[in-house]
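Residue-level listing of the chains:
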Amino acid sequence: MTDGDGADWTDAETFAAALDRAETREKGHFFEFFAEGDEIEHDPGIRLARAGNEQWLSQTLNHDPAYWRTDVAAERGFEEPPIHPDYLLACVMGPSVEDLSEKGGYFLGRTNVRYHETVYPGTEVHVLSTVVDTRTSSSRPDYGIVTWQTEGYDADTGDVLVSYERTNMIPRREQVATDGGSTERSDTYTASDVPDLPETFVTPDGGYLEDFRAALDRAEDEDAAVAYRHERGRTMDDTLVAGLPLATLNTARQHHNRDEMADSPSGDVVAYGDVTRSIALAHARSDEATYRERRFENERFHDFVTLGDTVYGFTRVLDADRPVADAEAGAVTFQHVAFNQENTPVYSGERTALVRCRPE
Ligand SMILES: C/C(=C\C(=O)O)C(=O)SCCNC(=O)CCNC(=O)[C@H](O)C(C)(C)COP(=O)(O)OP(=O)(O)OC[C@H]1O[C@@H](n2cnc3c(N)ncnc32)[C@H](O)[C@@H]1OP(=O)(O)O
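Throughout, a residue's number is its position along its own chain's written sequence, starting from 1. The model is predicted, so local features are restricted to residues of pLDDT at least 70 and side-chain atom pairs to those at 80 or more, both for listing and for counting; the totals for chains, interfaces and linings are taken over all residues. As a convention, hydrogens and water are excluded, and side-chain values are obtained from all of the structure's heavy atoms.

### Considerations on the confidence of the model for the protein
Part 1 of the argument: The predicted model of the protein averages 93 in pLDDT, with 94% of residues at 70 or higher.
Part 2 of the argument: On the interface metric, ipTM, the complex scores 0.96, and its pTM is 0.94. Confidence of the prediction at every residue is given by pLDDT, a number between 0 and 100.

If you want it as structure tokens, here you go:
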């Protein structure tokens, strides 16, 4: 095979020499690119399709029929089966990766996740991020830490659908002197991540609002916590690790480039944080009568999840309100932990959802 100048590209040496001389057209941005207050519109945007929603829900075990059965959707007060909040969130973060984090680095956490509207299939979503904080990582001189506020909004109406603050480690173009912190990995799950745990755990009798309220009352009498694990686990396969993030336009090499990841600390591709969390949340939701998702706070990704790892879930119930008038549901605040087959926590976060009252 020769081109016009007679170069033989199938000759290994010729091609290796060409690659050596070639400049790489880079993707993504280094830490130095980001300055507080900068606004970045993420051009790809995304169109939310029912097929993508159903693929996400089936693969992550979020088997809640309100998201595909019209009769159940109507009973739950939706116009038609809507887009699931986990899928919506992942689809808003996905198109932002190319601009914000494709250069590499780790998704550390997210907070202030708010769902502003119910979203239906066919919605075109545009995504906008604002840099809210940049700082040097004291423990890893090759990285800085950036926090962005991101909003996904309806391209037709301009209404904000979901918003959150996300923090990543981002590689620096230039290394800087640090304050001398260690570059060793710290214990990634610290006591401060979990409220103090009493000796005794109480498990609710069921998944309705009354069950959570009764369990919290019982726990208070016995100086116990309402906490339990969920039985299901989900082993991370190619569909979950590479397929689902790509379906949200997430271009992070961590999920789909095994060649590049072989030399990274994880040694292999790692799961998209939104997939890992959605699986643990699905395990939790399978033990509760969810009505609506409301908000998430203090989400942290503590450790890598790689191909072949299995994701399980653990839940502590922190609070349960009285029913909201007319909705026949009330707010429950949970702390969820995703953990792997070695019982290592990989994700934790606080979630408030409306949970249905027991039917009459
Ligand atoms: C979409 C996507 C990628 C993308 O987006 O393209 C992804 O899905 S990718 C997959 C999901 N992700 C992961 O797989 C990461 C799992 N995780 C780990 O493997 C370990 O966590 C670690 C190796 C990253 C770090 O390990 P570690 O060094 O032991 O961790 P820590 O010392 O706790 O944190 C180090 C510094 O980050 C500061 N820090 C931590 N958390 C927060 C937070 N929430 N807000 C603000 N600052 C924070 C901390 O304050 C410290 O700052 P300093 O460097 O200044 O001390």
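### Digging into the pattern of salt bridges
Part 1 of the argument: Salt bridge, as used here: a side-chain nitrogen of Lys or Arg that lies within 4 Å of a carboxyl oxygen of Asp or Glu. Enumeration according to the criterion identifies 18 salt bridges in this entry.
Part 2 of the argument: Across the pair Arg285 and Glu293 runs a salt bridge whose closest N-O atoms are separated by 2.9 Å.
Part 3 of the argument: Whether a residue is buried, partly exposed or exposed follows from its accessible area with a 1.4 Å probe, protein chains only, as a fraction of its type maximum: under 20%, in between, or over 50%, in that order. Taking the relative accessible area as the measure of exposure, Arg285 reaches 10% and is therefore buried.
Part 4 of the argument: Arg351 is the partner of Glu288 in a salt bridge, and the nearest nitrogen-oxygen pair spans 2.6 Å.

### Overview of the nonpolar core
Part 1 of the argument: Take the buried residues of types Ala, Val, Leu, Ile, Met, Phe, Trp, Tyr and Cys, join any two whose side-chain atoms come within 4.5 Å, and each joined set is a nonpolar core. Formed by 46 residues in total, the largest nonpolar core has its most connected members in Leu48, Trp56, Leu88, Met236 and Val275.
Part 2 of the argument: Segments assigned H or I by DSSP are reported as helices when at least four residues long, segments assigned E as strands when at least two residues long, and all are numbered from the N terminus. Among the elements that make up this core, the one with the highest residue count is helix α4 (residues 85-93) (seven residues).
Part 3 of the argument: Taken domain by domain, the makeup of this core includes at least three residues from each of domain 1 (27-180) and domain 2 (196-360).
Part 4 of the argument: Contact definition: two residues touch when any of their heavy atoms are within 4.5 Å. Excluding its chain neighbours within four sequence positions, the residues that come into contact with Leu48 are Ile83, Tyr87, Leu88, Cys91, Val119, Pro121, Gly122, Thr123 and Val125.
Part 5 of the argument: By size, the runner-up hydrophobic cluster in this structure holds 15 residues, among which are Val202, Ala219, Val226 and Phe334. Boundary definitions for the domains trace back to an automatic or database domain assignment.

### Considerations on the pairing of strand β11 (residues 329-339)
Part 1 of the argument: The buried count for β11 comes to 11 of 11 residues, which makes it a mostly enclosed element.
Part 2 of the argument: Because side chains alternate across β11, one face comprises the buried residues Ala329, Ala331, Thr333, Gln335, Val337 and Phe339, and the other comprises Gly330, Val332, Phe334, His336 and Ala338, equally buried.
Part 3 of the argument: As defined by bridge partners, strand β10 (residues 310-324) adjoins β11 across 10 bridges and the pair is classed as antiparallel. Residue Arg316 lies in a different strand from β11, and its bridge partner there is Gln335.
Part 4 of the argument: Here, any two strands with at least 2 DSSP bridges between them count as paired. Counted between consecutive antiparallel strands, the loop separating β10 from β11 contains four residues, among which Asp326 sits at a positive phi close to 75°.
Part 5 of the argument: Looking at chain direction, β11 and strand β12 (residues 345-356) are connected through 11 bridges and run antiparallel.

### Brief notes about the packing of aromatic side chains
Geometrically, a pair of aromatic rings is defined through the distance of the ring centres and the angle of the planes.
Part 1 of the argument: What counts as a ring pair is set by centres within 6.5 Å for rings of Phe, Tyr and Trp (its six-membered ring), and what kind of pair is set by the plane angle: stacked under 30 degrees, edge-to-face over 60, tilted for all other angles. Per the counting criterion, the structure on display carries 12 aromatic pairs.
Part 2 of the argument: Seen from their ring centres, Phe34 and Trp148 are 5.6 Å apart, and the 75° between their planes marks the pair as edge-to-face. You can see Phe34 sitting in the loop between α1 (12-21) and β1 (39-47) and its partner Trp148 sitting in strand β4 (residues 143-154), a full 114 residues away along the chain.
Part 3 of the argument: In this structure Trp148 comes out as buried when scored by relative accessible area, which is 0%.
Part 4 of the argument: A ring pair is formed by Phe107 and Phe301, whose centres lie 4.5 Å apart and whose planes are at 40°; its orientation type is tilted. Within this pair, whereas Phe107 is found in strand β2 (residues 107-115), its partner Phe301 is found in strand β9 (residues 290-301), the two being separated by 194 residues in sequence.
Part 5 of the argument: Take Phe107: its relative accessible area is 15%, and that puts it in the buried class.
Part 6 of the argument: Counting every residue linked through ring pairs, the aromatic cluster contains Phe33, Phe34 and Trp148.
Part 7 of the argument: In this structure, Arg110 is placed above the aromatic ring of Tyr164, and the distance from its NZ or CZ to the ring centre is 5.5 Å. Comment: the charge-over-ring label is applied if NZ (Lys) or CZ (Arg) is within 6 Å of the ring centre and within 35 degrees of the ring normal.

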